[in-house]
Amino acid sequence: METTEIIIKDNGTITERTIRERDLDAGKLVQEALNEAVTRTIRNVLSLPNWGLVHANAGSGDTLWSVVIGQIPLHARFRLVNGVLVPAFASDTEIEMPLVWQAPSEVRLAFVVLTEPDQDRVKIAGNWLFACDQDNRGFRLPLPNLHDDCRICTGEFPACYDTANQAVLASLEQFRKSKWNSDLMRTVERSQKFFRFQPTNESFQTLPIEASDWRSLCDKVSTDVMERVVL
Amino acid sequence: MKNITVKYGVDSITKQVPDDFTFGDLQESDMFKAALGFGDRTKALVEGIEQDRGTVIPAGATVRLETAANTKA
């Protein structure tokens, strides 16, 4: 369709303007481009025995799975200091034990798995561990094997699975059985105030964090992955 | 002087800074670090695009800081 307009400009010039319109078959392409960065949150997608609820944040090319965990398996070396067992990640001589740290209610933990489609399968693109406060601020725990952006240095394990459920479970299993060593370690002082255990006759009880505000022992983080975490 | 807004996670702050204030100045600013709680390794983004440290921040800009990933030694 073509429309012609005659315009009289302020300076008296008379101008012809022709407007040509045609419908483009590009609606789907434009819609995809506009939605490229849009993600959608879906709560309570899975419930994993021994771990907890799993929420999803689905993007156009990937899905971020947030597992709300209440504990951290700490397979590491420990040292007894004044009757309290604390991690000694860099030690070669202290006793090695698979202790489980129970998070207090004010520390909300999210174990995160990013998956991408890989032909007909699901590929793990990364694992992260975030601690969040009540206002959804993200923090890096004082742990080794965690990069500054909270990405976990997981070690090698298979990346491709038939379902997302299997991918999340495989990531958690790797997280459970991996040893915490001194890779990416900064100072152990914060770790030893955060992760404390009381040996009892039958088990090891998690002790409260030795700080008035647990966040003072962590580093605040802000990343595009953290933005998509669902708690 | 000019106003800029800086976001780090869910927190944000709007402050007046000198006209020649750069993204690098922001990333090294103890005042912004204390207010928003970011550390030494960050990247600065405007509208999702990472900015060079030497670039002057435009007046009225909203800068999003993100934690930069480190690598294993």
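About the thresholds
- Residues numbered from 1 in each chain as written.
- Chains lettered and ligands numbered in written order.
- Predicted model: local features only at pLDDT ≥ 70, side-chain atom pairs only at ≥ 80, totals over all residues.
- Heavy atoms only, no water.
- Helix = DSSP H or I, 4+ residues; strand = E, 2+ residues; numbered from the N terminus.
- Rg over C-alpha atoms; globule rule 2.2 N^0.38 Å.
- Contact = heavy atoms within 4.5 Å.
- Areas by Shrake-Rupley, 256 points an atom, 1.4 Å probe, with all protein chains shown as cover.
- Salt bridge = Lys/Arg side-chain N within 4 Å of Asp/Glu carboxyl O.
- Polar contact = N/O pair within 3.5 Å; in protein donor to acceptor, adjacent residues only side chain to side chain.
- Nonpolar A, V, L, I, M, F, W, Y, C, P; charged D, E, K, R; others polar.
- Phe/Tyr/Trp six-rings, centres within 6.5 Å; stacked < 30°, edge-to-face > 60°.
- Buried < 20%, exposed > 50% of the residue type's maximum accessible area, 1.4 Å probe, protein only.
- Pairing = 2+ DSSP bridges.

> Please explain the overall build of chain A as it appears in this structure.
Across its full length, chain A holds four helices and 15 strands. Taken against the 2.2 N^0.38 rule, which gives 17 Å for 231 residues, the C-alpha radius of gyration of chain A at 26 Å runs more than 25% over that of a compact globule. For chain A, the spread of C-alpha atoms along the three principal axes comes to 95 × 45 × 30 Å. Pairs at least 24 apart in sequence give 58% of the contacts found in chain A among residues at least 6 apart. Here chain A displays about 13,000 Å² of accessible surface, and carbon together with sulfur accounts for 47% of that area.

> Would you mind going over the interface of chain B and chain A with me for this structure?
How large an interface is tends to be reported as the accessible area lost when its parts come together. Listed as interface residues are 16 residues of chain B and, on the opposing side, 15 residues of chain A. Put simply, chain B and chain A have four salt bridges between them. On the surface where chain B and chain A come into contact, there are nine residue pairs in polar contact (both at pLDDT 80 or more). By residue number, the principal contributor to the side of chain B that touches chain A is strand E5 (residues 62-67) of chain B, which donates four residues. For the side of chain B that touches chain A, the per-class residue count stands at six nonpolar, five polar and five charged.

> Help me understand the packing of aromatic side chains in this model?
The geometry of two aromatic rings is summed up by the distance between their centres and the angle between their planes. All told, the structure shown has 11 aromatic pairs over all chains when counted by the stated rule. Here Phe111(A) and Phe175(A) contribute two aromatic rings whose centre-to-centre distance is 4.8 Å and whose plane-to-plane angle is 35°, an arrangement assigned as tilted. A residue pair is termed long-range when its members are at least 10 positions apart, and Phe111(A) in strand E9 (residues 108-118) and Phe175(A) in helix H2 (residues 164-177) qualify at 64 residues. Given the relative accessible area of 0%, Phe111(A) is considered buried. Look at Phe175(A) and you get buried, because its relative accessible area is 5%. With 6.2 Å between their ring centres and 40° between their planes, Phe21(B) and Phe32(B) make a pair best called tilted. In this pair, Phe21(B) sits in the loop between strand E2 (11-17) and helix H1 (23-28) while Phe32(B) sits in helix H2 (residues 30-36), placing the two residues 11 residues apart along the sequence. Of the two residues, Phe21(B) and Phe32(B), neither departs from the other in class, the shared state being buried. Among the aromatic side chains, those forming a connected cluster through ring pairs are Trp101(A), Phe139(A), Phe194(A), Phe195(A) and Trp214(A).

> Would you explain the pairing of E5(B) in this entry?
Each regular strand displays side chains that alternate between the two surfaces of the sheet. Residue and element names in this part refer to chain B. Note: strand E1 (residues 2-8) against E5, four bridges, orientation parallel. Within E5, the position partnered with Thr5 by the bridge is Thr62. Both strand E3 (residues 42-46) and E5 contribute to a ladder of four bridges, which runs antiparallel. Bridge assignment links Thr42 to a residue of E5, and that residue is Thr67.

> Looking at this structure, I do not really get the pattern of salt bridges. What am I missing?
Pairs may arise between side chains of opposite charge once their charged atoms sit close together. If you walk through the whole model with that rule in mind, you get 22 salt bridges over all chains. Taking the shortest distance from any N to any O, the salt bridge between Asp162(A) and Arg121(A) comes out at 3.1 Å. Of the two residues, Asp162(A) sits in the loop between strand E12 (160-161) and H2 while Arg121(A) sits in strand E10 (residues 121-132), which places them 41 residues apart along the sequence. Residue Arg121(A) is classed as partly exposed on the basis of its relative accessible area of 36%. With a shortest N-O distance of 2.6 Å, Glu173(A) and Arg176(A) are connected by a salt bridge. Note that Glu173(A) and Arg176(A) are positioned in helix H2 at a spacing of three residues, about one turn of the helix. What emerges from the salt-bridge pattern is a single network uniting Asp133(A), Asp135(A), Arg137(A), Asp213(A), Arg215(A), Lys220(A) and Asp11(B).

> Any chance you could explain the sheet that holds E2(B) here in plain terms?
Two pairing modes exist for strands in a sheet, parallel and antiparallel, and in both the strands are linked by backbone hydrogen bonds. Residue and element names in this part refer to chain B. Overall, mixed pairing links the five strands, which are arranged E2-E1-E5-E3-E4 in an open sheet. The open sheet has two edge strands with one neighbour each: E2 and strand E4 (49-50). Summarising the sheet, E3 and E4 pair through two bridges and their orientation is antiparallel. Counted as the bridge partner of Val46 is Ile49 from E4.

> Help me understand the environment of Gly70(A) in this model?
Residue and element names in this part refer to chain A. Take Gly70: it is sitting in the loop between strand E5 (63-69) and strand E6 (71-81). We classify Gly70 as partly exposed; its relative accessible area is 36%. Taking the C-alpha atoms as reference, Gly70 lies 27 Å from Asp162; in sequence the two are 92 residues apart. Once residues within four sequence positions are removed from consideration, Gly70 is found in contact with Trp101, Gln102, Ala103 and Leu109.

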